[in-house]
Amino acid sequence: MNNETTDIEEGEEELFTPVDPDEMRAAFHKKSRALKDKVTTVKKAVSELIHDGDYLAVGGFGHVRIPTAILYEIVRQNKKNLGMAGHTSIYDSDLLATSGCLNRCDISYVIGYEIRGLSASARRAFESGKIKVTDWSNGALAWRFFAASAGLSFIPTRILLGTDTFKRSAAKTVTCPFTGKKYAALPALYPDVGIIHVHRADTYGNCQIDDGILISDTYLARASRRLIITTEELVPHEEIRANPQATVIPYWCVDAVVEVPYGSHPGNMPGKYWFDEDFFKMYLQGVKTEEGTKKLYDEYIYGVDDFHEYIDKIGGTEKMMELRNIEKLIFSRT
Amino acid sequence: MSADYNPLELLVCVASRIIEDNSTAFVGTGVPMAATMLAQKLHCPNVTAIFEAGGVAPILPGLPISVGDSRTSHKGFMASTMNDIMETAQRGMVDYGFLGGAQIDMYGNLNSTMIGDDYRKPKVRFPGSGGANDIGSLCWRTVVITPMDTRRFVEKVDFVTTPGYLTGKGAREKAGLPLGSGPYKVITNLAILGYDEETCRMRIESVNPGVTIEDVHKNCGFELLEAPQIEKTHEPTEEELRILREEVDPDGYIIRR
């Protein structure tokens with residue numbers, strides 16, 4: 001053993017994704033720069049861009065600005081052995097864990113629904129031993145995406161240190177060459193596929209998020225080998241050019257664009273619609289039993305063809321207008 | 001004075017009082033949100049509420065359901081990124097951080113990850129750190145809000161999700177955590193607890209109305225130290241309760257759970 005400051009501590013768990021920056025440069029080197037029409041369907045985006053075994057990262061905040069249509073389609077197409085960044089994840093990781101699509105997960109937050117409590121089906125899935133997990137924090141995964149977006153292999157940080165969260169991660173300590181201080185070195189996280197829901201995108205994939213917070217989406221988008229965008233609204237290219245400072249994801253990151261109005265339901269879409277609390281209540285009640293879970297998934301996912309049919313099922317435009325009114329604080333007596 | 005309040009209302013009122021004006025506070029889901037909103041409407045008009053996912057200083061039109069929902073940036077100063085917020089805390093600009101957990105030990109280490117002794121076969125799996133490890137690592141003063149009983153206040157937590165003082169004085173710094181950061185108070189239904197400066201062990205600082213020092217010891221699974229002078233916690237005032245019930249949480253999401 002060397003003296004204390006040069007001892008390297010290591011998290012004991014597996015690193016699920018590659019970190020070599022030259023390997024990733026080679027992958028990004030091959031990515032198309034063509035300014036081309038990337039508009040496609042949910043079905044095609046999932047069947048062509050997501051393969052069994054891929055590692056996914058989902059944008060938004062678990063039940064806020066989430067790409068629900070893509071998540072449902074992954075479940076419908078019964079993708080297997082997927083990995084996932086359980087970063088601020090709620091409904092997203094629940095769907096993939098409950099349906100048996102996941103076999104590994106970098107956890108910072110799963111199972112929970114914040115003040116609504118927990119999902120019994122997600123808990124069953126994560127306690128089953130069928131999903132290999134490692135633990136991190138929200139900040140850790142946010143910075144891992146940043147490190148990847150910057151083309152690096154790791155980032156030094158001052159979190160996780162001294163805890164079991166560090167021990168159950170794949171982080172290592174590193175000594176600062178300038179100050180001698182100890183940092184937690186977090187490995188860059190380059191997902192195979194990123195999936196993000198936005199307010200506006202053009203056909204090339206330039207994306208604008210009109211309202212609300214960005215969470216880590218700008219980094220996640222750049223870190224992903226392939227990126228699927230769902231958008232509330234497809235807009236003319238000129239509208240993007242008219243307001244370039246609002247563009248948060250450039251077209252060269254994007255592989256597919258799908259227009260999905262109400263695409264974050266039952267999640268909140270900042271500036272457009274609030275959470276569908278009736279749906280979440282029904283969902284969390286239903287998944288308490290295996291039988292109830294099957295019934296819910298049959299009815300709302302396996303039993304519908306696409307997201308339009310799903311929206312009709314949850315109450316259609318009328319329901320979405322009600323959620324819009326809550327979001328926009330429109331109160332009417334009629 | 002009003003005797004008519006429930007334990008959650010007491011927690012929210014007590015937590016709101018320890019926030020100082022012109023400070024920055026990291027707020028999580030539930031009681032901390034209500035406490036910060038209450039403080040803002042009473043003695044802290046200029047406390048800046050920071051939400052870990054990017055929302056800064058919203059004028060909350062209602063209680064957020066999530067630390068990442070649209071309310072957390074409603075008419076705020078900024079709708080930013082989680083990376084920016086965590087970096088702000090890492091460079092030392094966030095004063096308070098509020099946390100909870102399933103278990104806490106005498107050094108304020110918190111578990112929100114799992115119960116059991118086998119990581120791969122947990123008896124119970126919880127959500128995990130979320131932003132808790134970041135907040136507990138990077139804020140100047142961490143405040144834990146939790147009900148108190150021997151199941152939660154334990155000799156040894158099953159998993160250290162979030163660092164308190166780790167194994168005692170100097171352990172945080174040795175681990176590489178920022179100098180001078182760490183646990184500040186633990187607010188419970190029975191007492192307000194703080195930390196002894198010499199040992200970094202948890203101690204009783206104030207007991208809540210109708211509670212004896214003995215009750216506090218009995219509901220703790222480890223040996224609690226006592227401050228040289230133990231205060232009595234003030235009951236919620238009528239004004240606190242009125243604002244809490246009518247303006248902060250009229251739907252009872254938090255205080256009537």
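Residues numbered from 1 in each chain as written. Chains lettered and ligands numbered in written order. Predicted model: local features only at pLDDT ≥ 70, side-chain atom pairs only at ≥ 80, totals over all residues. Heavy atoms only, no water.

Engineer: So what's going on with the overall build of chain A? Which residues, and what values?
Structural biologist: Across its full length, chain A carries 13 helices and 12 strands. The C-alpha atoms of chain A give a radius of gyration of 20 Å, which matches the 20 Å a tight globule of 334 residues would have. The dimensions of chain A, computed from C-alpha atoms along their principal axes, are 75 × 50 × 40 Å. Buried positions account for 58% of the 334 residues belonging to chain A. Taking all contacts inside chain A whose residues are at least 6 apart in sequence as the whole, residues at least 24 apart take part in 77%. Put simply, chain A shows about 13400 Å² of open surface, and 51% of that area lies on carbon and sulfur atoms. Of the charged side chains in chain A, 40 are positive and 47 negative, and the gap between their average positions amounts to 2 Å. (Helix = DSSP H or I, 4+ residues; strand = E, 2+ residues; numbered from the N terminus. Rg over C-alpha atoms; globule rule 2.2 N^0.38 Å. Buried < 20%, exposed > 50% of the residue type's maximum accessible area, 1.4 Å probe, protein only. Contact = heavy atoms within 4.5 Å. Areas by Shrake-Rupley, 256 points an atom, 1.4 Å probe, with all protein chains shown as cover. Lys, Arg positive; Asp, Glu negative; His and termini not counted. Charge placed at Lys NZ, Arg CZ, Asp CG, Glu CD.)

Engineer: Tell me about the sheet that holds strand E6 (residues 172-175) of chain A, and name the residues and values.
Structural biologist: All names here are of chain A. Strand order in the open sheet formed by 3 strands is E5-E7-E6, with antiparallel pairing between adjacent strands. Edge strands, defined here as strands with exactly one partner in the open sheet, are strand E5 (154-157) and E6. With strand direction ignored, the average angle separating the axes of adjacent strands in the sheet is 40°. Sheet topology places E6 next to strand E7 (residues 182-187); 4 bridges connect them, and they run antiparallel. Directly across from Val 174, in E7, lies its bridge partner Tyr 183. Contacting E5 and E7, helix H6 (residues 138-149) crosses the sheet at an angle of about 140° to E5. (Pairing = 2+ DSSP bridges. Axes fitted to C-alpha atoms, helices over the stretch in contact; angles between N-to-C directions.)

Engineer: Go over the interface of chain A and chain B, please, and point to the residues and values.
Structural biologist: Opposite the 59 residues of chain A that make contact, chain B presents 56 residues. Summing both partners gives a buried area of about 4500 Å² for chain A against chain B, and 56% of it is carried by carbon and sulfur. If you look at where chain A meets chain B, you find 2 salt bridges. Here Arg 125 of chain B and Asp 135 of chain A are joined by a salt bridge, their closest N and O atoms 2.8 Å apart. At the junction of chain A and chain B, the tally comes to 30 residue pairs in polar contact (both at pLDDT 80 or more). Sorting the residues of the side of chain A that touches chain B by element identifies helix H5 (120-127), strand E4 (132-135), H6, helix H7 (164-167), helix H8 (217-223) and helix H13 (316-327) of chain A as the ones contributing at least two each. Here the side of chain A that touches chain B gets 6 residues from one element, more than from any other, and that element is H6 of chain A. Along the lines of polarity and charge, the residues of the side of chain A that touches chain B split into 27 nonpolar, 18 polar and 14 charged. (Buried area = accessible area lost by both parts, 1.4 Å probe. Salt bridge = Lys/Arg side-chain N within 4 Å of Asp/Glu carboxyl O. Polar contact = N/O pair within 3.5 Å; in protein donor to acceptor, adjacent residues only side chain to side chain. Nonpolar A, V, L, I, M, F, W, Y, C, P; charged D, E, K, R; others polar.)

Engineer: Please provide a residue-by-residue account of unusual backbone geometry, values included.
Structural biologist: Residues and elements named next belong to chain A. Along the chain, His 265 connects to Pro 266 via a cis peptide bond; the corresponding omega equals 5°. Positionally, Pro 266 belongs in the loop between strand E12 (256-259) and helix H10 (277-286). Unlike most non-glycine residues, Ile 215 shows phi in positive territory, near 50°.

Engineer: Now, about the nonpolar core: what can you tell me, with residues and values included?
Structural biologist: Most often, soluble globular proteins keep nonpolar side chains buried together rather than apart. Counting 188 residues, the largest nonpolar core has Ile 50, Ile 74, Phe 126, Leu 186 and Ile 249 of chain A together with Leu 193 and Val 216 of chain B as the members making the most contacts within it. Look past the residues within four positions of Leu 186 of chain A in its chain and what remains in contact with it is Trp 136, Ala 140, Trp 143, Arg 144, Ser 153, Phe 154, Ile 155, Thr 157, Ile 159, Leu 160 and Ala 171 of chain A. (Core = buried A, V, L, I, M, F, W, Y, C linked by side-chain atoms within 4.5 Å.)

Engineer: Quick one: what's the story with the state of the cysteines, residue by residue and with numbers?
Structural biologist: Residue and element names in this part refer to chain B. For the coordinates displayed, the defined rule picks out 0 disulfides over all chains. Of all cysteine sulfurs, the one in Cys 13 lies closest to Cys 44, which takes part in no disulfide; the gap is 13 Å. Look at Cys 44 and you get buried, because its relative accessible area is 0%. No disulfide involves Cys 220; its sulfur sits 17 Å from that of Cys 200, the nearest cysteine. Cys 220 sits in the buried class, given a relative accessible area of 8%. (Disulfide = S-S within 2.5 Å.)

Engineer: Tell me about helix H1 (residues 7-17) of chain B, and name the residues and values.
Structural biologist: Residues and elements named next belong to chain B. When you tally the buried positions in H1, you get 8 out of 11 residues, the bulk of the element. Along H1, the residues that are buried comprise Glu 9, Leu 10, Leu 11, Val 12, Cys 13, Val 14, Ala 15 and Ser 16. Lining the buried residues of H1 we find helix H2 (31-41), strand E10 (141-145), strand E11 (183-187), strand E12 (191-195) and helix H7 (238-248). Its side-chain oxygen placed 2.9 Å from the backbone nitrogen of Leu 8, Asn 6 serves as the N-cap of H1.

Engineer: Any chance you could break down the pairing of E12 of chain B for me, citing the residues and the numbers?
Structural biologist: Residues and elements named next belong to chain B. Here E12 lies mainly inside the structure; 5 of its 5 residues are buried. As defined by bridge partners, E11 adjoins E12 across 2 bridges and the pair is classed as antiparallel. Counterpart to Ile 187 in the pairing with E12 is Ile 192. Hairpin connection of E11 to E12: 3 residues between the antiparallel strands. With 5 bridges connecting them, E12 and strand E13 (residues 202-207) associate as antiparallel partners. Paired with Leu 193 across the strands is Ile 204, a residue of E13. Hairpin connection between E12 and E13: a loop of 6 residues separates the two successive antiparallel strands, and Cys 200 in this loop has a positive phi of roughly 65°.

Engineer: Can you tell me about the environment of Phe 280 of chain A, naming the residues and giving the values?
Structural biologist: Residues and elements named next belong to chain A. With respect to the helices and strands, Phe 280 occurs in helix H10. What makes Phe 280 buried here is its relative accessible area of 0%. Between the C-alpha atom of Phe 280 and that of Tyr 190, which follows or precedes it by 90 residues, the distance is 31 Å. Discounting chain neighbours no more than four positions away, the residues touching Phe 280 are His 63, Tyr 91, Tyr 113, Arg 116, Pro 266, Gly 267 and Phe 275.

Engineer: A description of the pattern of salt bridges should follow, citing residues and the corresponding values.
Structural biologist: Scanning the entire structure with this criterion turns up 32 salt bridges over all chains. In this structure, Glu 127 of chain A and Arg 123 of chain A form a salt bridge, with 3.6 Å as the shortest nitrogen-oxygen distance. Placement of both Glu 127 of chain A and Arg 123 of chain A in helix H5 is noted, with a separation of 4 residues, approximately one turn of the helix. Assessed through its relative accessible area of 23%, Glu 127 of chain A is described here as partly exposed. Across the pair Arg 152 of chain B and Asp 149 of chain B runs a salt bridge whose closest N-O atoms are separated by 3.6 Å. Overall, the relative accessible area of 23% leaves Arg 152 of chain B in the partly exposed class. Here the salt bridges do not stand alone but share partners, grouping Glu 12, Glu 13 and Arg 168 of chain A together with Arg 120 of chain B into one network.

These figures come from the coordinates and say nothing about function on their own.
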